Amino acid sequence: MMHATEWARLRRKVQRIHAILLDTYGEPRWTKLDGVSELVATILSQNTNDSNRDLAYARLRARFPTWEAVRDADPQAVIEAIRPAGLANQKGPRIQNALRRITEERSRLSLDFLAEMPLEEARAWLLSINGVGMKTASIILLFCYDKPAFPVDTHVHRVTGRLGIRPPTMNADQTHLHMERLCPPGAHGALHLNLIRLGREVCRARTPLCAQCPLRRLCPYPQQSKQREVEQARAL
Ligand code: SF4
């Protein structure tokens, strides 16, 4: 359990990070999809890049006129349509199972009922679908239903760790709830997207470009890596 003073310090730091990223990258924009479309797109995006996901999504939409048609289709036809996203043999059945589950529970193929639910209840409902994890649930809740959820992908997890705004041992699933509470109200979508952009362009996995990072004055990582280099040199 984090002490209240430490929590307040982290909140101020996240507020500054958000402000600097807004100055650097501006207010990000995103296309708002309905919940079912976002669910399908997010399942397609697992373990692949955006362009493969987009291609698979476009092929699926071109092949089937409605999500009901995807749900009721021959599984092999769905697998063929989404092939560019990779892991099609897993993702096809996962998508169809999710579509069937929503229909069984709600009598129609829509997730719009989530808008009326409190965040925790809506998250629990989504997590009860096979193949839906914290990241997928958070993306749907944040981007389709304006809930203050905070999706954590590999970039967000890495960058928040280097910036020291989460405990070093905290895993990605735990970081969702941690960042959700730390993030300034109303900033969840913008901060999430700007942290991903920073992670892709500057705070890269292997070679972070710390010298040109807009957050370098707030970040302990460059100092820590110098320290590690000195210690390694001493150990030789
Ligand atoms: S200073 Fe370096 S480690 Fe820290 S956020 Fe920027 S690029 Fe990442």
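Let me sum up the structure you'll find in this document. (Residues numbered from 1 in each chain as written. Predicted model: local features only at pLDDT ≥ 70, side-chain atom pairs only at ≥ 80, totals over all residues.)

### Concerning the overall build of the protein chain
Here's step 1: Helix and strand counts for the protein chain come out as 12 helices and zero strands.
Here's step 2: C-alpha extents for the protein chain along the principal axes are approximately 60 × 40 × 35 Å.
Here's step 3: Looking at the protein chain as a whole, 34% of its 236 residues qualify as buried.
Here's step 4: Taking the contacts inside the protein chain whose residues are at least 6 apart along the sequence as the reference set, 66% of them involve residues at least 24 apart. (Helix = DSSP H or I, 4+ residues; strand = E, 2+ residues; numbered from the N terminus. Buried ≥ 20, exposed ≤ 12 C-beta atoms within 10 Å, placed from the backbone. Contact = placed C-beta atoms within 7 Å.)

### Looking at unusual backbone geometry
Here's step 1: Non-glycine residue asparagine 47 carries a positive phi angle of around 55 degrees.
Here's step 2: Residue asparagine 47 is classed as exposed on the basis of its 11 C-beta neighbours within 10 Å.
Here's step 3: Backbone geometry places aspartate 146, a non-glycine residue, at a positive phi of 55 degrees.
Here's step 4: Take aspartate 146: it is sitting in the loop between helix 8 (134–143) and helix 9 (154–163).

### Concerning the packing of helix 9 against helix 11 (residues 188–201)
Here's step 1: Two elements in contact, helix 9 and helix 11, have axes whose closest approach is 8 Å; the angle formed by their N-to-C orientations is 80 degrees. Between helix 9 and helix 11, the crossing angle belongs to the class labelled roughly perpendicular. On helix 11, the residues touching His155, Val156, Arg158 and Val159 of helix 9 are His192, Leu195, Ile196, Leu198, Gly199 and Arg200.
Here's step 2: Taken together, the residues of the contact of helix 9 with helix 11 sort by class into five nonpolar, three polar and two charged. (Axes fitted to C-alpha atoms, helices over the stretch in contact; angles between N-to-C directions. Parallel < 35°, antiparallel > 145°, perpendicular 65-115°, else oblique. Nonpolar A, V, L, I, M, F, W, Y, C, P; charged D, E, K, R; others polar.)

### Regarding helix 8
For an α-helix, 3.6 residues make a turn, and residues three or four places apart therefore share a direction.
Here's step 1: Taking burial as the measure, the 10 residues of helix 8 include 10 buried ones, the bulk of the element.
Here's step 2: For helix 8, the full list of buried residues reads Met134, Lys135, Thr136, Ala137, Ser138, Ile139, Ile140, Leu141, Leu142 and Phe143.
Here's step 3: The secondary structure elements touched by the buried residues of helix 8 are helix 2 (35–45), helix 7 (119–127), helix 10 (172–182) and helix 11.

### Description of the site of the ligand
Here's step 1: The full set close to the ligand counts 14 residues, and Cys203, Cys210, Cys213, Cys219 and Tyr221 are the nearest of them.
Here's step 2: Of all elements in the fold, only helix 9 and helix 12 (221–235) reach the threshold of two or more residues within the shell around the ligand.
Here's step 3: A total of three residues in the shell around the ligand trace back to one element, the largest contributor, which is helix 9. (Near = placed C-beta within 6 Å.)

### What to know about the environment of aspartate 146
Here's step 1: Residue aspartate 146 is classed as partly exposed on the basis of its C-beta count, with 13 C-beta atoms lying within 10 Å.
Here's step 2: It is 9.9 Å that separates the C-alpha atoms of aspartate 146 and leucine 119, two residues lying 27 residues apart in sequence.

### Some details on the nonpolar core
Here's step 1: Membership of the largest hydrophobic core comes to 53 residues, with the highest contact counts inside it found for Leu39, Leu44, Ile82, Ile95, Ile140 and Leu141.
Here's step 2: Ignoring sequence-local partners within four residues, the contact set of isoleucine 140 consists of Gly35, Glu38, Leu39, Thr42, Leu111 and Leu126. (Core = buried A, V, L, I, M, F, W, Y, C linked by C-beta atoms within 7 Å.)

### Quick look at the environment of aspartate 173
Here's step 1: Residue placement: aspartate 173 occurs in helix 10.
Here's step 2: Here aspartate 173 falls in the exposed class, since 12 other C-beta atoms lie within 10 Å of it.
Here's step 3: The spatial distance from the C-alpha of aspartate 173 to the C-alpha of histidine 192 is 15 Å, given a sequence separation of 19 residues.

### Remarks on helix 9
Here's step 1: Regarding helix 9, the residues found buried are Val156, His157, Val159, Thr160, Arg162 and Leu163.
Here's step 2: Residues of helix 9 that are buried in the fold lie against helix 1 (4–25), helix 10, helix 11 and helix 12.
Here's step 3: Remark: glycine 164 follows helix 9 within two positions and exhibits a positive phi of approximately 75 degrees.

### Some points on the packing of helix 2 against helix 6 (residues 88–106)
Here's step 1: Where helix 2 contacts helix 6, the two axes come as close as 10 Å, and the packing angle between them is 155 degrees. Here helix 6 runs roughly antiparallel to helix 2, going by the angle between their axes. Crossing of helix 2 against helix 6: the hand is right-handed. Where helix 2 approaches helix 6, its residues Val36, Leu39, Val40, Ile43 and Leu44 are matched on the opposing element by Lys91, Arg94, Ile95, Ala98 and Ile102.
Here's step 2: Its residues placed into classes, the contact of helix 2 with helix 6 shows eight nonpolar, no polar and two charged. (Left-handed = near helix turned anticlockwise from the far one by under 90°.)

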